[in-house]
Amino acid sequence: MEGAGGVVLRALAKLGLTDQMRRLNIAAAWPQAVGPHIAARTAVHSFSRGVLHVRAASPAWQNELSYLKADLLAKLNARLEKPCVRELRVRCGDLAPTPVKPPASSAVQPPSASQKAHARQVSAPIADPSARQAFERMLLTALGRPPTGPPLG
């Protein structure tokens, strides 16, 4: 029997969303890795090909983080299941994420019969019925939505 996490990661890989999953894992690990003082003044912006882009609240914090790069990378990679961050790039900027408005034509499409069958097949190893149903709904929702905004990974 495989755990729900493995099923989710396999499903995301099939959908081509592994970089987004890595970014979410990195963003979740960032505050614990850097501590509350730095986390309050920074935000994970993007992750691609081993390069993590972080926003800093001010030029002074950008400069400070440049001195701490090696230590921050070591602490962050230690918190991740698979160390995947090779480089840290820091820029000064707005810490609040910019909301992306989907185009008017991006309505959620109802899932096709093959998508429903795929969701059932991928979620079958999840033993808990409520977790399995929630995962199927999440997967079908993701399959029915066109991509919006810039790529995260």
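Here, every reference points to the structure presented above.
Definitions and cut-offs
- Residues numbered from 1 in each chain as written.
- Predicted model: local features only at pLDDT ≥ 70, side-chain atom pairs only at ≥ 80, totals over all residues.
- Heavy atoms only, no water.
- Helix = DSSP H or I, 4+ residues; strand = E, 2+ residues; numbered from the N terminus.
- Buried < 20%, exposed > 50% of the residue type's maximum accessible area, 1.4 Å probe, protein only.
- Contact = heavy atoms within 4.5 Å.
- Core = buried A, V, L, I, M, F, W, Y, C linked by side-chain atoms within 4.5 Å.
- Lys, Arg positive; Asp, Glu negative; His and termini not counted.
- Salt bridge = Lys/Arg side-chain N within 4 Å of Asp/Glu carboxyl O.
- Bend = angle between axes of the 7 residues up to and from the residue.
- Pairing = 2+ DSSP bridges.
- Axes fitted to C-alpha atoms, helices over the stretch in contact; angles between N-to-C directions.
- Arc of directions from axis to C-beta.

**Q** Got a sec to walk through the overall build of the protein chain? Specific residues and values, please.
**A** Looking only at helices and strands, the protein chain features six helices and three strands. In the protein chain, the succession of helices and strands from N to C terminus is α-α-α-β-β-α-β-α-α. Taken across its 153 residues, the protein chain has 27% of its residues classed as buried. Contacts spanning at least 24 positions in sequence make up 65% of the contacts within the protein chain whose residues lie at least 6 apart.

**Q** Account for the nonpolar core, with residues named and values stated.
**A** Side chains that are nonpolar tend, in soluble globular proteins, to be buried together. Ranked by internal contacts, the top residues of the largest apolar core, which has 20 residues, are Ile 26, Trp 30, Leu 52, Leu 72, Leu 76, Val 85 and Leu 88. Listing elements by their share of this core, those giving two or more residues are helix H2 (18–34), strand E1 (42–48), strand E2 (51–56), helix H4 (59–79) and strand E3 (87–92). In contact with Leu 72, not counting residues within four places along its chain, are Trp 30, Val 34, Ile 38, Leu 65 and Leu 88. Counting residues in hydrophobic clusters, the runner-up holds eight residues, among them Ala 11, Ala 119, Phe 135 and Leu 140.

**Q** Go over the side chain of Glu 136, please, and point to the residues and values.
**A** Note on placement: Glu 136 falls in helix H6 (residues 129–144). Arg 132 provides the closest opposite charge to the buried, salt-bridge-free Glu 136, at an N-O distance of 4.7 Å. What Glu 136 contacts, discounting residues up to four positions off in sequence, is Ala 119, Arg 120 and Ser 123.

**Q** Describe H4, with residues and values.
**A** Residues three or four positions apart in an α-helix share a direction because the helix packs 3.6 residues into each turn. Most pronounced at Leu 68, the bend in H4 amounts to some 65 degrees. Looking only at H4, the buried set comprises Trp 61, Leu 65, Leu 72, Leu 73, Leu 76 and Asn 77.

**Q** Describe the pattern of salt bridges, listing the residues and the values that go with them.
**A** Side chains that differ in charge, positive against negative, can pair when their charged atoms come close. This structure, assessed with the given rule, holds two salt bridges. Between Lys 75 and Asp 71 there is a salt bridge, with the nearest N and O atoms lying 3.4 Å from each other. Here the residue Lys 75 and the residue Asp 71 both occupy positions in helix H4, the gap between them amounting to four residues, near one helical turn. When the shortest N-O distance is used, the salt bridge between Arg 89 and Glu 87 registers 2.8 Å. Since its relative accessible area comes to 39%, Arg 89 is described here as partly exposed.

**Q** Explain the sheet that holds E1 to me, and be specific about the residues and the numbers.
**A** If you walk across this open sheet you meet the three strands as E1-E2-E3, and the pairing is mixed. Sheet topology places E1 and E3 at the edges, where each strand pairs with a single neighbour. The average angle at which neighbouring strand axes cross in this sheet is 25 degrees, direction not considered. Alignment of E2 against E3, held across six bridges, turns out to be parallel.

**Q** Explain helix H5 (residues 113–123) to me, using residue names and the numbers behind them.
**A** Here H5 has its buried residues at Ala 119, Val 122 and Ser 123. Viewed end-on, H5 has its buried residues packed into an arc of 90 degrees, placing them on one side of the element. Away from its buried face by more than 90 degrees, H5 exposes Ala 113, Ser 114 and Gln 121.

In short, shape yes, function no, at least from these values alone.
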